Amino acid sequence: QVQLVESGGGLVQPGGSLRLSCAASGIIVSMYQLAWYRQAPGKQRELVATISSRGYPSYTDSVKGQFTISRDNAKNSVYLRMNSLKPEDTAVYYCKADWVLMNYSYWGQGTQVTVSS
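Now for a look at the structure at hand. (Residues numbered from 1 in each chain as written. Predicted model: local features only at pLDDT ≥ 70, side-chain atom pairs only at ≥ 80, totals over all residues. Heavy atoms only, no water.)

What about the sheet that holds strand β1 (residues 3-7)?
And then number 1: The antiparallel open sheet is built from four strands, whose spatial order is β1-β3-β8-β7. Two strands close off the open sheet at either side, each with one partner strand: β1 and β7 (67-72). In this sheet, adjacent strand axes meet at a mean angle of 15° when their direction is disregarded.
And then number 2: Both β1 and strand β3 (residues 18-25) contribute to a ladder of five bridges, which runs antiparallel. When the sheet's bridge partners are listed, S7 is paired in β3 with S21. (Pairing = 2+ DSSP bridges. Helix = DSSP H or I, 4+ residues; strand = E, 2+ residues; numbered from the N terminus. Axes fitted to C-alpha atoms, helices over the stretch in contact; angles between N-to-C directions.)

Right, dumping it as structure tokens:
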């Protein structure tokens, strides 16, 4: 049984930081591209950042220089460091694992991030 479990969300003031974690079980994440998505109320889910199986990161323009994605294959985990948070970063954040060649794809259940004073 494959599970992706996010943690680290919460309430933070504008300008604050959070580090999200996503721990995988049932898969070997070194084979997977890993990603973070977010979905704000009333909006579509959007891609925030990806990191390839070789460790190459990419970001959507709105978070470049603000968020950092990283992975630890030994811990079967992916992380998202979020700095200088703004109210518009408020959303449910989801991690995703994709093994493109095998067409395997898994989602976590999400973790709420709320940026508010």
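Quick word on a nonpolar patch on the surface
And then number 1: A grouping of L101, M102 and Y104 is seen on the molecular surface, where their side chains present a nonpolar patch of about 340 Å² in accessible area.
And then number 2: Relative to the helices and strands, Y104 is located in strand β10 (residues 104-107).
And then number 3: The partly exposed category is assigned to Y104, whose relative accessible area is 34%. (Patch = residues over 30% accessible without salt bridge, like charges linked within 9 Å, V, L, I, M, F, W, Y side chains within 5 Å. Areas by Shrake-Rupley, 256 points an atom, 1.4 Å probe, with all protein chains shown as cover. Salt bridge = Lys/Arg side-chain N within 4 Å of Asp/Glu carboxyl O. Buried < 20%, exposed > 50% of the residue type's maximum accessible area, 1.4 Å probe, protein only.)

A short note on the nonpolar core
Note on soluble globular proteins: their nonpolar side chains tend to be buried together.
And then number 1: If you look at the biggest cluster of nonpolar residues, it comprises 28 residues, and the most contacted ones within it are W36, V48, F67, V78, L80, M82 and Y93.
And then number 2: Within the residue set of this core, elements represented by two or more residues are β3, β4 (33-39), β5 (46-51), β7, β8 (77-82), β9 (91-99) and β11 (111-115).
And then number 3: Setting aside its immediate chain neighbours within four residues, V78 contacts L20, S21, C22, L34, W36, I51, I69, S70, R71 and C95. (Core = buried A, V, L, I, M, F, W, Y, C linked by side-chain atoms within 4.5 Å. Contact = heavy atoms within 4.5 Å.)

Topic: the environment of Q44
And then number 1: Following the sequence through the fold, Q44 ends up in the loop between β4 and β5.
And then number 2: For Q44, a relative accessible area of 72% gives the class exposed.

Points about the environment of T68
And then number 1: By the element assignment, T68 lies in strand β7.
And then number 2: By relative accessible area, which is 41% here, T68 ends up partly exposed.
And then number 3: Spatially, the C-alpha atom of T68 lies 21 Å from that of S116, the residues being 48 residues apart in sequence.
And then number 4: Residues contacting T68, with those up to four places away along its chain left out, are Y59, Y79, L80 and R81.

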